[in-house]
Amino acid sequence: MLLDILLIFHLQVLVIASSSSSEEDGSSEREAEHSKGSSHQHHWGYHDQESWLSAFEDCSGKSQSPINIDTHTVPYDPKLALLKLEGYDLTGSTTLKLINNGHTLQLSLPSSMRILRGFDHVYVAAQLHFHWGTKEVPGSEHTIDNVHYPAEIHVVHFNTKYANLAEAASKADGLAVLGGFIGIGLHDNDNYEKILSALTDISIEESDTEIPGFNVRHLLPDSLDRFYRYNGSLTTPPCFQTVSWTVFNDSIRVSRRQLADLEDTLKTEHNKLLSKNFRAQQLLHGRKVLASFHTEPATGKTKSLPTETEDSIIMESSGHILAIVFGALFAVTVLVFSVYTYQQRKKYSKFKKDSKQNVIYKPAVVDMDQTSLTVT
Ligand SMILES: [Zn+2]
């Protein structure tokens, strides 16, 4: 009996320790664990993702993230409810904690921020963080048709039916993460600058600072209505398969300089540069990815039958092609005929000239035949 209690206690400690080592987790648990001293779970890194599989059971599961999203096969699901966010418009009266935890750049979020609609339950925000690469290697975690974006933002929420993130993290319906792709634009993004301008203050691993609140909604794409949805996992150990993923189709843009700040400022353990903090693609294993919108415009390619308009366009264009072919054939025929006529006339006139000047000369039979051809 005592042994059982000890075993259960031990398991719980393990779960709490491993979940708090996750970047998808809240900062308070992490700090508690950090102050106790680092556990072995804390030492996972992106350079050796294979070792996650043996150290964390769930990392070799069949519902892992990130994945590639193949837009050609993703079906439109009209039943997907559009998201309604609440409380994202923070003001300067709130202060937010910005952390370099050695794995990512993370911003703690207040519980007033919620996903009010879009799921069966209300989900409350806990933190947001980023994944990126280097100047040479784009570092988004998800890919669209096997293409990486330069970076990706994740806003982590937990189901309000659970007391906190740590408790929700291991429950099947525990987490909802919003993912947005970050691309390069011509101009600085003022909203991202509110975070990026503080990077130099937290370049050392396990350091943090505070920044004034701002409208966090502006870190996400303009349209939240076009998204992909699938069931997946935390993309860091312990890889719990408890995330309902929403990956937005539209991307966000920051300037090249801002992206470089993200890629080149933060340090991880042994004062190494914190970059390429993205996990490799995971297999779908039969999972369905759904889209809240028609991923392909109705061009009559593969998925939908051509409409009347498209039919008439096809007819019209084939009519044009026929006209061009016949026109070209006619032009070639006229050209060949003209050249031939010209040559024969030349020969005929030469023959006439020759027969006048030199009566002894007798033209060959072939020439005579050809002349007759021209005449007739
Ligand atoms: Zn993430």
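As a starting point, this report considers the structure included with it. (Residues numbered from 1 in each chain as written. Predicted model: local features only at pLDDT ≥ 70, side-chain atom pairs only at ≥ 80, totals over all residues. Heavy atoms only, no water.)

A word on the overall build of the protein. Of regular secondary structure, the protein possesses eight helices and 14 strands. Buried positions account for 44% of the 376 residues belonging to the protein. Considering only contacts within the protein whose residues lie at least 6 apart along the sequence, 72% involve residues at least 24 apart. Summing over all exposed atoms, the protein offers an accessible surface of approximately 20600 Å²; the carbon and sulfur share of this is 60%. (Helix = DSSP H or I, 4+ residues; strand = E, 2+ residues; numbered from the N terminus. Buried < 20%, exposed > 50% of the residue type's maximum accessible area, 1.4 Å probe, protein only. Contact = heavy atoms within 4.5 Å. Areas by Shrake-Rupley, 256 points an atom, 1.4 Å probe, with all protein chains shown as cover.)

With that out of the way, let us pick up the coordination of the zinc ion. On the protein side, the zinc ion has His129 (NE2), His131 (NE2) and His154 (ND1) as donor atoms, found 2.0 to 2.2 Å from it. Each donor residue of the zinc ion lies on the same chain, and together they follow the pattern H-x1-H-x22-H. When sorted by exposure, His129 lands in the same class as His131, which is buried. (Donors = N, O, S within 2.8 Å, 3.2 Å for Na, K, Ca; no water.)

Turning our attention to unusual backbone geometry. Pro66 follows Ser65 through a cis peptide bond whose omega is 5°. Its location among the elements puts Pro66 in the loop between α3 (50-55) and β1 (68-69). Cis geometry is found at the peptide bond from Pro237 to Pro238, where omega equals 10°. Look at Cys239: it is not a glycine, yet its phi comes out positive at around 55°. Inspection of the secondary structure puts Cys239 in the loop between β11 (227-232) and β12 (243-248). Despite not being glycine, His285 shows a phi value in the positive range, around 50°. In this fold, His285 is placed in the loop between α6 (256-264) and β14 (290-291).

Turning our eyes to something else, we now look at the pattern of salt bridges. Per the counting criterion, the structure on display carries seven salt bridges. Asp188 serves as the salt-bridge partner of Arg257, at 2.9 Å between the closest nitrogen and oxygen. Highlighted residues: Arg257 in helix α6 and Asp188 in the loop between β9 (175-185) and α5 (190-196), separated in sequence by 69 residues. Look at Arg257 and you get partly exposed, because its relative accessible area is 36%. Given a relative accessible area of 41%, Asp188 falls into the partly exposed group. (Salt bridge = Lys/Arg side-chain N within 4 Å of Asp/Glu carboxyl O.)

By the bridge criterion, six bridges tie strand β3 (residues 95-100) to strand β10 (residues 207-212) in an arrangement that is antiparallel. Across the sheet, residue Lys97 finds its bridge partner in β10, namely Glu210. As paired strands, β3 and strand β4 (residues 105-108) are joined by three bridges and run antiparallel to one another. Each bridged residue has a counterpart across the sheet, and for Asn100 the counterpart in β4 is Leu105. The antiparallel hairpin formed by β3 and β4 contains four residues in its connecting segment, where Gly102 sits at a positive phi of about 90°. (Pairing = 2+ DSSP bridges.)

Judged by how many residues are buried, β12 sits mostly within the fold: six of six residues are covered. Across five bridges, the pairing between β9 and β12 is parallel. Paired with Leu178 across the strands is Thr246, a residue of β12.

Attention now goes to the nonpolar core. Membership of the largest hydrophobic core comes to 44 residues, with the highest contact counts inside it found for Leu105, Leu128, Ile153 and Ile195. Elements supplying a minimum of two residues to this core: β3, β4, β6 (123-132), β8 (151-159), β9, α5, β13 (252-255) and α6. For this core, the leading source of residues is β6, giving five residues. With residues up to four places along the chain from it excluded, the contact list for Leu128 reads Leu105, Gln106, Leu107, Leu109, Ile153, His154, Val155, Ile195, Val216 and Leu219. Membership of the second largest hydrophobic core comes to 25 residues, among which are Val124, Ile144, Tyr162 and Val289. (Core = buried A, V, L, I, M, F, W, Y, C linked by side-chain atoms within 4.5 Å.)

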